[in-house]
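Coordinates in review
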Amino acid sequence: MSTVRHFLWVMKPAWITSLLLLVPAALCFAEPLIIAHRGSSASAPENTIPAFELAWEQQADGIEADFLLTKDGHIVCFHDKDTKRITGKKLLVKNTPLSKLRQLDVGSWKGEQYKGTRIPTIAEVLATVPDGKKIYIEIKCGEEIVTPLLREIEASTLTKNQIVIICFKAGVLKAIKQHAPHLQTSWLCNLKKDKSGKVTPTHETICKTLEDIHANGFSSSHQNINLALINKVNEAEIMHHVWTVNDPAIATRFSQWGTASITTDKPALIKNAIKTVPAP
Ligand code: G3P
Ligand code: CA
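Residues numbered from 1 in each chain as written. Chains lettered and ligands numbered in written order. Predicted model: local features only at pLDDT ≥ 70, side-chain atom pairs only at ≥ 80, totals over all residues. Heavy atoms only, no water.

1. Section: unusual backbone geometry
- Of the consecutive residues Thr200 and Pro201, the connecting peptide bond is found in the cis state with omega at -5°.
- By the element assignment, Pro201 lies in the loop between strand S8 (199-200) and helix H8 (203-212).
- Unlike most non-glycine residues, Arg38 shows phi in positive territory, near 60°.
- Examined against the element boundaries, Arg38 turns out to sit in the loop between strand S1 (33-37) and helix H2 (49-57).
- Of note in this structure, Glu237 is not a glycine but carries a positive phi near 60°.
- Relative to the elements of secondary structure, Glu237 occurs in the loop between helix H9 (227-235) and strand S10 (239-243).
- Judged by its relative accessible area of 74%, Glu237 falls in the exposed class. (Helix = DSSP H or I, 4+ residues; strand = E, 2+ residues; numbered from the N terminus. Buried < 20%, exposed > 50% of the residue type's maximum accessible area, 1.4 Å probe, protein only.)

2. Thoughts on the nonpolar core
- Ranked by internal contacts, the top residues of the largest apolar core, which has 68 residues, are Leu149, Ile165 and Phe218.
- Apart from the residues lying within four places of it in its own chain, the contact partners of Leu149 are Ile75, Ile122, Ile137, Ile139, Ile165 and Ile176.
- Counting 6 residues, the second-largest nonpolar core is a separate cluster that includes Tyr136, Val164, Ile166 and Trp243. (Core = buried A, V, L, I, M, F, W, Y, C linked by side-chain atoms within 4.5 Å. Contact = heavy atoms within 4.5 Å.)

3. Some thoughts on the coordination of the calcium ion (ligand 2)
- Donor atoms from the polypeptide that bind the calcium ion (ligand 2) are Glu64 (OE), Asp66 (OD) and Glu138 (OE), placed at 2.1 to 2.2 Å.
- Here the donor residues of the calcium ion (ligand 2) are spaced in sequence according to E-x1-D-x71-E. Residue Asp66 is located in strand S2 (residues 62-69), and its partner Glu138 is located in strand S4 (residues 134-139); the two are separated by 72 residues in the primary sequence. Here Asp66 and Glu138 have matching classes, each one buried. (Donors = N, O, S within 2.8 Å, 3.2 Å for Na, K, Ca; no water.)

4. Side note on the pairing of strand S5 (residues 163-167)
- Of all 5 residues making up S5, 5 are buried, and the element is well covered by its neighbours.
- Here S5 shows no split at all, with Ile163, Ile165 and Cys167 on one side and Val164 and Ile166 on the other all buried.
- When S4 meets S5, the two strands line up parallel, connected through 4 bridges. The residue bridging Ile135 from the neighbouring strand is Ile163, located in S5.
- Two elements, S5 and strand S6 (residues 184-189), share 4 bridges in a ladder whose sense is parallel. Its bridge partner being in S6, Val164 is matched across the sheet by Gln184.
- What joins S5 to S6 is helix H7 (residues 170-179), and the crossover it makes is right-handed. (Pairing = 2+ DSSP bridges. Right-handed = clockwise from strand over helix to strand, strands pointing away.)

5. Observations concerning the site of ligand 1
- Surrounding ligand 1, one finds His37, Arg38, Glu64, Asp66, His79, Glu138, Lys140, Ile166, Phe168, Leu188 and Trp243.
- Side-chain polar atom of Glu64 to an oxygen atom of ligand 1: 2.8 Å apart, as the coordinates give it.
- A distance of 3.0 Å separates an oxygen atom of ligand 1 from a polar atom in the side chain of Glu138. (Near = heavy atom within 4 Å. Polar contact = N/O pair within 3.5 Å; in protein donor to acceptor, adjacent residues only side chain to side chain.)

Set out below in structure tokens:
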């Protein structure tokens, strides 16, 4: 027997033991979904069709996009309440009709190559989502958007498994569940730490809110969250999601903590970082 074969023979029992330990771990371990925040927004103008298309090219598992109602009741993809930061001209979205908002250039600020990019409607954004991929629809206004939003979702070709509705306002998500219990929701919560080190909201408040609104998910900022809270939420069969993570080391930590999805401005970078993480 050659030296190498002899070594393998001696090592055989150890191999079998390792395999027995690793196989169940691999079966339990699922990589988090990588969700492109406002599209692939580190490279392309946020909340625009070029940013969403780039996210799909970069193999993101989903996109996250912000939505507001216009004066004339259309739903547009836009983050801020007004257009000053992105276009230099201040128009309040809720006080402006779609036709006027569509005249604005929302691409130039990110680079000359994006000059002339227009604010997309929700229908245009939904139409970019490929089969099997997801969209996290963030509601940036109040309950007045619920009826038109459900109409737009109904009119799209997306299935219920492709959509997650997210919002900071728990009441808005509660209304979504009342009107469309088949849709997934996830409550956005910014965890804040005061000077004494106390983090708010408390774990109890978070769990009570999630239960009250029948949320499927808990989406937290990446600061001030620990594994104890994630475990507590998971025990209630609620998934944890995190935003906005652009650092591979932080993304790796959340992957190891069992977080269901990571929202990032840099989907290619983060997807690659997660792939190279061994199962815990
Ligand atoms: O995915 C949640 C995150 O987008 C919330 O913050 O300000 O980027 O909409 P913001
Ligand atoms: Ca958002």
